[in-house]
Amino acid sequence: MTAQTVEETLETVFRMESARIIATVARIVRDVGIAEEIAQDALVAALEQWPRTGVPERPGAWLTATAKNRAVDLVRRHETYARKLAEVGRTLTEESYDPEPPGPGDIDDDVLRLIFTACHPVLSADARAALTLRLLGGLRTDEIARAFLVPEATVAARITRAKRTLAREGVEFEVPYGEDRAARLGSVLEVVYLIFNEGYAATAGDDLLRPGLCEDALRLARVLAALVPREGEAQGLAALLELQASRTAARTGPGGRPVLLAAQDRRRWNRLLIRRGFAALALAGDGRSYGPYALQAAIAACHARAASYEETDWATIAALYGKLGVLAPSPVVELNRAVAVSMAEGPAAALPIVDALAGEPGLARYHLLPSVRGDLLARLGRAEEARAEFERAAELTRNESERELLRGRARESGTGTGTGTGTDTP
């Protein structure tokens, strides 16, 4: 195995395992900032050793053991080692990766503990989400910036301040209870949602999907829904992610090329996940009480119920996006509403909505804005204008799969129809 292959393997493994490594170490050192640094130290150690010794049979366990050993060394050097040793108990043994036994109402999941710690009320809502995406999703600052539609420097500053604040305030590494749990739930749901979205439509790289992130987010959403069964938005988020994940197999074709929603083979949609999504949505409320996640799940349910793209109830989807825009105003929501309006009433009705978004700062470098506009112009027969919009969208995206799709739309402008978003979105 070449050094380059080892590095590529290590990068993949670390992406998959970093959240669990950080969570395991955080239970020992009780500081998420230090835990992340120790996880990075383990990564460096692997970069130094694996090219010489080869990739271990269980690379994730190797990284975890290395990080734990470094954490133990750090605690031993600390003057309060005896107290720390009593707190962590059996977790300090090199080969033990089992979580602590759960208490009444507890969750046997270090990763979930890490989410609730990073979502502590001492942090601002933006800082909570950015830090958790960094620690749990293993996302880079540029990927988080894309999720928030803000500059990378802003995200970097938020993460640094958040880690310092958690350390200064002595925030415990735990799943909270009672009112404290309820106070943090909203930001936890937001983080799980953003992690799923990054996996569903990757910011950069060659692949459209990052399945590991989707799977982690879906798992956490299910745990949260079970934890708070009467919380409509927890059920709504679980429903949304189940329904979105049901399309995964149909979203890419040969070579990983994205497949537009209109062209997807619905026989490849996962019916089990769709049933799970419908069941979770039924627990989210009666429709009139839906929150933002439940509304998005209801939109996804409209797609799941349609036997074909042509039979989709676009009028209902447009109305649901209208309700979503009232509860959670966002230029992205309005852009998605424009797509639904274009399908329900025609592209001429949607174009003014899209044009009104041209001055939105948050969409200045958002590739889906020119992509949607290009689709509308193509359907109106304005081929040259459409081609220019698709080319601009291709320049803005950093995902190679989406870039190739958009370049293809530029070449074929004026001849196709679609959702206007390049890939299917909530």
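Here's what I pulled together on the structure shown here. (Residues numbered from 1 in each chain as written. Predicted model: local features only at pLDDT ≥ 70, side-chain atom pairs only at ≥ 80, totals over all residues. Heavy atoms only, no water.)

### Describing helix H7 (residues 141-148)
At step 1: When we look at burial in H7, the residues that qualify are Asp142, Glu143, Ile144, Ala145 and Phe148.
At step 2: For H7, the elements touching its buried residues are helix H1 (3-29), helix H6 (125-136), helix H8 (152-169), helix H9 (178-200) and strand S2 (398-399).
At step 3: Remark: Leu149 follows H7 within two positions and exhibits a positive phi of approximately 60°. (Buried < 20%, exposed > 50% of the residue type's maximum accessible area, 1.4 Å probe, protein only. Helix = DSSP H or I, 4+ residues; strand = E, 2+ residues; numbered from the N terminus. Contact = heavy atoms within 4.5 Å.)

### Overview of the packing of aromatic side chains
At step 1: In this structure the tally under the stated criterion is four aromatic pairs.
At step 2: A ring pair is formed by Trp50 and Trp62, whose centres lie 5.4 Å apart and whose planes are at 70°; its orientation type is edge-to-face. In this pair, Trp50 is assigned in helix H2 (residues 32-53) and Trp62 in helix H3 (residues 59-77), connecting sequence segments twelve residues apart.
At step 3: For Trp50, a relative accessible area of 1% puts it in the buried group.
At step 4: Between Tyr309 and Trp314, the aromatic rings sit 5.6 Å apart at their centres with planes inclined by 70°, giving edge-to-face as the arrangement. An identical accessibility class is assigned to Tyr309 and Trp314; each is buried.
At step 5: Taking the ring centre of Trp269 as reference, the NZ or CZ of Arg247 above it sits at 5.7 Å.
At step 6: Sitting over the ring of Tyr200, Arg251 keeps its end group 3.7 Å from the ring centre. (Phe/Tyr/Trp six-rings, centres within 6.5 Å; stacked < 30°, edge-to-face > 60°. Lys NZ or Arg CZ within 6 Å of the ring centre and 35° of its normal.)

### Considerations on unusual backbone geometry
At step 1: Notably, Arg30 is not glycine yet its phi reads approximately 60°, a positive angle.
At step 2: Residue placement: Arg30 occurs in the loop between H1 and H2.

### Some remarks on the packing of H7 against H8
At step 1: Taken N-terminus to C-terminus, the directions of H7 and H8 make an angle of 105°; their axes are 8 Å apart at the nearest point. One element, H7, and the other, H8, form an angle in the roughly perpendicular class. Facing H7, whose interface residues are Thr141, Asp142, Ile144, Ala145 and Phe148, H8 presents Glu152, Val155, Ala156, Arg158 and Ile159.
At step 2: For the contact of H7 with H8, the per-class residue count stands at six nonpolar, one polar and three charged. (Axes fitted to C-alpha atoms, helices over the stretch in contact; angles between N-to-C directions. Parallel < 35°, antiparallel > 145°, perpendicular 65-115°, else oblique. Nonpolar A, V, L, I, M, F, W, Y, C, P; charged D, E, K, R; others polar.)

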